[in-house]
Amino acid sequence: MKKITLVIYAAALVLFFSCSKQGGDNNSTTTTVSSKEMDPRVKDLLAKMSIEEKIGQMTQVNLNVILVGGYGSKDGSIDPALLDTAIMKYKVGSILNAVPGAHTVQKWNSLIKEIQDKALTTPNKIPVLYGIDAIHGVTFTQESTLFPHNIAEAATRNIEIVKAGAKVTAKETRASGIRWNFDPVLDIARQPLWARFPETFGEDPYLITQMGVATITGYEEDGLNKVTAVASCMKHFIGYSNPASGKDRTPAYISEIQLREYYLPQFKAAVAAGASTVMINSGEINGIPVHSSKYLLTDVLRGELGFKGVIVSDWEDVIRLHTRHKIANTPKEAVRMAIEAGLDMSMVPHDYSFYTLLLQLVKEGTISEKRIDESVARILDLKYKTGLFDNAYGEEEAKKNFGLPEYKVLALEAAREAMTLLKNDSVKGAPVLPLSKTAKVLIAGPAASSVTALNGCWSYSWQGDDASRYPSSYKNIVQSITDKIGEKNVVSIAEPFYKNGEKYDAAALTAKARAVDYIILCLGENAYAETPGSIFDLTLDKNQLELAKAAIATNKPVILVLVEGRPRVIREIVGGMKGVLQAYWPGSQGGAAIADVLFGDYNPNGILPYSYPAYTGMVMTYDYKFSEIEEELIPGTFGMTGYRPQWPFGFGLSYTTFSYSNLKLGKDTIAGDDKLSVTVDVKNTGAKDGKVAVELYTKDLYASITPCQKRLRKFTKIALKAGESKTVSFELTKEDLAFVNADLKTVTEEGEFEVIIENQKVLFTYKK
Ligand code: BGC
């Protein structure tokens, strides 16, 4: 039985590869930088380098490897003997990460100096390229500016604010002496159990593409040799975000059509936008670990997408081809597979095994030196581009760009724009929110007094859950609301932390609620990152739900503030809430932004970047297939079930109202490369000024691959004064109507399409 399964499996793999190789939009296999294209400086340097130096360049180790005490380091002091081993013996080209945690700007600059001092004594004086995760701000530099996480940035639907935030992150990274940032995450959030959901820009590839390109542009557009830029790293190529089990780094099963429709476009756009580097998905797709896939790394990424930059592995993933994925029967075989697949640099990260084994593979003739030269050329090219050969040290000019007051203003603006109002029911004839500043409020729940929950993962540490590492100036929700309405109006039973398995103090809540007008209940998730963030149940934990029920039972109006990285199922308490505000992980200014929205100093305009599930058994995205909403209840009788989220993708309320009218198309038929102009009038029909995200969807009525119910094609954000109207214009082309067909080609088929903007719909025809 086992044998038969194996045979079928092997046949399936062969089929996957052979189909894959024939498929795609472009089968070019141009994967190497031709010597004509190569920077002459790179060419000259390569010619002088020994094979050992070259392989060293492809080796990236973690900082702990050179520190006194390794991971146990108290202060990040470098051990000169270990540094010597790394640079002189193993000739490592790159170091990453922060141990024991976030450092000051000064400390970073002195660390970098020590490393580069040593690197510049090597025969060819090749500087080290330091890489770091500066996710939603400079994670590992003390006092850096932390922005909302990507999931919240996506809710803003404001590309400019995302780009501006990325620029600040680039400046503060560079001020720390570092020129390579492992960001942005371009993974797509279609599996809410997955712990890295908050690091994504949501469930839609167009939204991710817009936000991802804005981030990359923000990091790189000034020019990598400038003190305001860093090299970006799009990640994690490809198919990481949808593991079947929902657990991090576990197998995904994704058809080639789906892969190309939902996972590839954002990387394609990122390559076109000039992303300098890419990091590979640690997981496996259809049984093939991505780090071993020549098809994905070389044929698709280099050949089809034309990516010329550096491909770096993720954490220990070459080793794991042997230890975890079990496709390589020795560590050496694992190195061979990854190199032959197309990897340029291995984040080893704790030893020099990659160096030793790759050197053996070259010496015994399994891997050619020519192949090594291709990777090394890319790495050296990046080192030249980032200006490291001109000045390998932290730049004085760069340091001046750290911690400027306007960065905080921007972080606040981004957090405000992310705030997504999900419910605002009437209390005594008027919407409960905004609250009056003279109202008395009880603030409760584990997120109420937690700065870690506001900032989430990658905040001064990997997990972000260590409050002692945060700047003392950071304010939690209780402090931010107290700043706004005064101590006399605030009662709190701020639970100090998320209690694992323990009940919250419902009795205290009930008692204290007697003296107040409203309860602001702050629930959700504390910070987590990657595997430690894996959960077994999407439903919010029972103890928080119990606390919510106690709050509802007081009969005081309860406003639920959700502080969470991913949407946790809360169906059983939503009905009892008068107001619900989704704050996501809003970053350093999150407390202030929440207070601004709750008390009316800011009119919310964020909209959901995902479908918020109501049931754990009904997790669907907005772009479901028509047949997904039909279910046979009794044979012969059909009932419509299906897309019933708690709140749909794109949902978000305002303190004002907007109306849409006059959706018009420039023509009713377009042919070939024609452009189709679309206009719609949007009016602020309420009494308050406000911003609104206008989204354009299309629906393909019939197609050769079952079409989606609708797809997001454009969006913009506009500000309208009370009573004001604006005409919003978009332009569609055939590319906006395209999909991946059975031959794995991106095509636009003739037929009828619908343009949908809010409640407005118009049909048009596309002809070839
Ligand atoms: C993560 C990457 C990150 C890397 C380096 C890995 O565990 O998957 O996203 O860039 O560590 O810190």
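From a predicted model like this one, the values you see are computed outputs, not experimental measurements.

Student: For this particular structure, what's the right way to read the overall build of the protein?
Tutor: Of regular secondary structure, the protein possesses 23 helices and 30 strands. Against the compact-globule benchmark of 27 Å for 768 residues, the protein has a radius of gyration of 27 Å, which places it among compact chains. When the backbone C-alpha atoms are referred to their principal axes, the protein occupies close to 80 × 60 × 55 Å. Buried positions account for 61% of the 768 residues belonging to the protein. A separation threshold of at least 6 residues defines the contact pool for the protein, and within that pool the share at least 24 residues apart is 78%. With an accessible surface of roughly 28,400 Å², the protein has 53% of that area assigned to carbon and sulfur atoms. Side chains of the protein carry 87 positive and 89 negative charges; the gap between the two charge centres is 1 Å.

Student: Mind showing me how you'd approach the nonpolar core here?
Tutor: The nonpolar side chains of a soluble globular protein tend to be buried, and buried together. Ranked by internal contacts, the top residues of the largest apolar core, which has 208 residues, are Phe-237, Leu-358, Ile-481 and Leu-521. If we ignore the near neighbours within four places in the chain, the residues touching Leu-521 are Ala-444, Gly-445, Leu-509, Leu-547, Ala-548, Ala-551, Val-558, Ile-559, Leu-560, Val-561 and Met-577. Counting residues in hydrophobic clusters, the runner-up holds 23 residues, among them Tyr-660, Leu-663, Leu-676 and Ile-718.

Student: Teacher, can you tell me more about unusual backbone geometry here?
Tutor: A negative phi angle characterises most non-glycine residues, just as the trans form characterises most peptide bonds. Of note, the bond from Lys-235 into His-236 is cis; its omega dihedral lies within 30 degrees of zero at 0°. Inspection of the secondary structure assignment puts His-236 in strand S5 (residues 233–237). Cis geometry is adopted by the peptide bond preceding Ile-238, which originates at Phe-237 and carries an omega value of 0°. Along the chain, Ile-238 falls in the loop between S5 and helix H9 (256–263). Phi is positive for Asn-97, close to 80°, though the residue is something other than glycine. Mapping Asn-97 onto the fold places it in the loop between strand S2 (94–96) and helix H5 (105–119).

Student: Can you help me understand the packing of helix H7 (residues 159–175) against helix H17 (residues 405–418) in this one?
Tutor: Relative placement of two packed helices is described by the angle separating their axes and the distance separating the axes. The geometry of H7 relative to H17 is characterised by a closest axis approach of 10 Å and an angle of 145° between their N-to-C directions. Here the hand of the crossing between H7 and H17 comes out left-handed. For the pair H7 and H17, the contacting residues are Ile-161, Ala-164, Gly-165, Val-168, Lys-171 and Glu-172 in the first and Tyr-407, Leu-410, Glu-413, Ala-414 and Glu-417 in the second. Considering only residue class, the contact of H7 with H17 consists of six nonpolar, one polar and four charged.

Student: Whenever I open this one, the side chain of Ser-375 confuses me. Can you help?
Tutor: Inspection of the secondary structure puts Ser-375 in helix H15 (residues 369–385). Among the polar contacts listed, one links the side chain of Ser-375 to the side chain of Asp-344, at a separation of 2.6 Å. When sequence neighbours within four positions are dropped, the list of residues in contact with Ser-375 reads Met-58, Leu-343 and Asp-344.

Student: Where do I start with empty space enclosed by the protein in this structure?
Tutor: Picture a little ball the size of a water molecule; that probe, rolled over the atoms, points out where space is still empty. Within the structure shown, the criterion is met by six cavities of 30 Å³ or more. Empty space within the largest cavity amounts to approximately 240 Å³. Taken together, 20 residues make up the lining of the largest cavity; nearest its centre are Glu-261, Pro-707, Cys-708, Arg-711 and Phe-739. The set of elements that each furnish at least two residues to the lining of the largest cavity consists of H9, strand S24 (690–700), strand S25 (711–720) and strand S27 (739–740). Of the residues that make up the lining of the largest cavity, three or more belong to each of domain 1 (10–399) and domain 3 (658–767). The volume enclosed by the second largest cavity comes to roughly 130 Å³. Lining the second largest cavity we find 14 residues, and of these His-136, Asn-150, Glu-153, Ala-166 and Tyr-219 sit closest to its centre. Among the secondary structure elements, those contributing two or more residues to the lining of the second largest cavity are helix H6 (150–156), H7 and helix H8 (205–220). In terms of residue count, the dominant contributor to the lining of the second largest cavity is H7 (four residues).

Student: Quick question: what am I supposed to make of the packing of aromatic side chains here?
Tutor: For any pair of aromatic rings, the description consists of the separation of the ring centres together with the inter-plane angle of the planes. Applying the stated criterion to the full structure yields 21 aromatic pairs. A centroid spacing of 4.8 Å and a plane angle of 80° characterise the contact between Trp-194 and Tyr-240, whose relative ring orientation is edge-to-face. In this pair, Trp-194 is assigned in the loop between strand S4 (180–181) and H8 and Tyr-240 in the loop between S5 and H9, connecting sequence segments 46 residues apart. Judged on exposure class, the residue Trp-194 and its partner Tyr-240 are both buried. Seen in terms of ring centroids, Tyr-612 and Trp-647 are 5.2 Å apart; in terms of plane orientation they differ by 90°. Their pairing is edge-to-face. In this pair, Tyr-612 is assigned in the loop between helix H23 (590–598) and strand S19 (630–634) and Trp-647 in the loop between strand S20 (637–640) and strand S21 (658–665), connecting sequence segments 35 residues apart.

Student: How do you make sense of the site of the ligand when you look at a structure like this?
Tutor: Within the structure, the ligand sits among 13 residues, and Asp-133, Arg-196, His-236, Arg-249 and Asp-314 are positioned closest to it. Here an oxygen atom of the ligand and a side-chain polar atom of Arg-249 are 2.7 Å apart. Within the side chain of Asp-314, an N or O atom sits 2.5 Å from an oxygen atom of the ligand. Residues belonging to the shell around the ligand are distributed by class as follows: six nonpolar, one polar and six charged.

Student: Where do I start with the environment of Glu-333 in this structure?
Tutor: One can find Glu-333 in helix H13 (residues 331–341). For Glu-333 and Val-99, which are 234 residues apart along the polypeptide, the C-alpha to C-alpha distance reads 31 Å.

Student: Would you mind going over the environment of Glu-502 with me for this structure?
Tutor: Considering the arrangement of structural elements, one finds Glu-502 in the loop between strand S15 (490–493) and helix H20 (506–513). A residue is classified by how much of its surface remains accessible, and Glu-502, at 48% relative accessible area, is partly exposed. Considered as a pair, Glu-502 and Lys-542 are 40 residues apart in the sequence and their alpha carbons are 9.8 Å apart.

Cut-offs used in this document
- Residues numbered from 1 in each chain as written.
- Predicted model: local features only at pLDDT ≥ 70, side-chain atom pairs only at ≥ 80, totals over all residues.
- Heavy atoms only, no water.
- Helix = DSSP H or I, 4+ residues; strand = E, 2+ residues; numbered from the N terminus.
- Rg over C-alpha atoms; globule rule 2.2 N^0.38 Å.
- Buried < 20%, exposed > 50% of the residue type's maximum accessible area, 1.4 Å probe, protein only.
- Contact = heavy atoms within 4.5 Å.
- Areas by Shrake-Rupley, 256 points an atom, 1.4 Å probe, with all protein chains shown as cover.
- Lys, Arg positive; Asp, Glu negative; His and termini not counted.
- Charge placed at Lys NZ, Arg CZ, Asp CG, Glu CD.
- Core = buried A, V, L, I, M, F, W, Y, C linked by side-chain atoms within 4.5 Å.
- Axes fitted to C-alpha atoms, helices over the stretch in contact; angles between N-to-C directions.
- Left-handed = near helix turned anticlockwise from the far one by under 90°.
- Nonpolar A, V, L, I, M, F, W, Y, C, P; charged D, E, K, R; others polar.
- Polar contact = N/O pair within 3.5 Å; in protein donor to acceptor, adjacent residues only side chain to side chain.
- 1 Å grid on protein atoms, 1.4 Å probe; cavity = no way out; pocket = protein on both sides within 12 Å on 5 of 7 lines; lining within 4 Å.
- Points joined across faces, edges and corners; volume = space filled by probe spheres on them.
- Domains from an automatic or database assignment.
- Phe/Tyr/Trp six-rings, centres within 6.5 Å; stacked < 30°, edge-to-face > 60°.
- Near = heavy atom within 4 Å.

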